[in-house]
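Report on the structure
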Amino acid sequence: MSNNLTMNFKIDNVEAMWPRINRTYKYDSTEQRSVPCNPTDEGSAYTLQFRMSEMQAKELYKQMKIAYDSKKESNWPDKFAMPFKKDADGSFTHKAKLKGAYGAEATRKPTQYSASNKKLGDDFLLTNGSTVNISVVFTPYHGAMGTGVSLRLDAVQVVNLKPMEDQSPFKAV
């Protein structure tokens, strides 16, 4: 993991979970799932949940706290709760997200790179369980939605692509 003064941060060797970064998606309450949508639709976003070790989670939180403290205003609390979810196996999960648009202007889709640092095509589909490096921008916040640091997804490097698995609708008989 590394950082610099522009609040960019790189999270290395984490497991991609339910990546939705090939295009924008939004949650559809009627279908009870995320569905593809236009970048300017309400609730549209590129999202990537990821699994990390306890050591990675501690370092990420430490760096998020540094970013928070650098942008904290006088009326903000001194601390924010650790936002990661601890799984039964001791690993931690969190999500990086980029809204499809800010106002009427669509955002740039997160760039995806191969392990050899070659840009992947727009049609590339990252698979669940792949090992990735993630580039995010820390965005500290305080307001009606709470207090913390969001991770705006900037780019993803695919370290080890897991083959896509077909999901059978059947049980073994």
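These remarks concern the structure in this document.

1. Notes on the overall build of the protein
Within the protein, the regular secondary structure consists of one helix and eleven strands. When the helices and strands of the protein are read in sequence order from the N terminus, they spell out β-β-β-β-α-β-β-β-β-β-β-β. Against the compact-globule benchmark of 16 Å for 173 residues, the protein has a radius of gyration of 17 Å, which places it among compact chains. By principal-axis analysis of the C-alpha atoms, the protein measures approximately 60 × 40 × 35 Å. For the protein, with 173 residues in total, the buried portion stands at 38%. For the protein, contacts bridging at least 24 residues in sequence account for 65% of all contacts bridging at least 6. A total accessible area of about 10,700 Å² is found for the protein, and carbon and sulfur atoms account for 50% of it.

2. Section: the environment of Lys118
Residue position: Lys118 is located in the loop between strand S9 (111-113) and strand S10 (131-143). Between the alpha carbons of Lys118 and Thr139 there is a distance of 27 Å; along the sequence they are 21 residues apart.

Cut-offs used in this document
Position numbers for residues count from 1 along each chain, tracking the sequence in the order it is written. At least 70 in pLDDT is required for a residue's local features to be given in this predicted model, at least 80 for side-chain atom pairs to be given and counted, and no such filter applies to totals for whole chains, interfaces and linings, which use all residues. In computing side-chain properties, one takes all heavy atoms of the structure into account and sets aside hydrogens as well as water. Numbering of helices and strands runs from the N terminus, with a helix taken as a DSSP run of H or I at least four residues long and a strand as a DSSP run of E at least two residues long. What the globule rule says is 2.2 Å times the number of residues to the power 0.38, and the radius of gyration is computed from C-alpha atoms. Exposure categories follow from relative accessible area, calculated using a 1.4 Å probe and restricted to protein chains: below 20% of the type maximum is buried, above 50% is exposed, and the middle band is partly exposed. Here a residue-residue contact requires only that any non-hydrogen atoms of the pair lie within 4.5 Å. Residue exposure ignores everything except the shown protein chains as possible cover, and the areas themselves are Shrake-Rupley values with a 1.4 Å probe.

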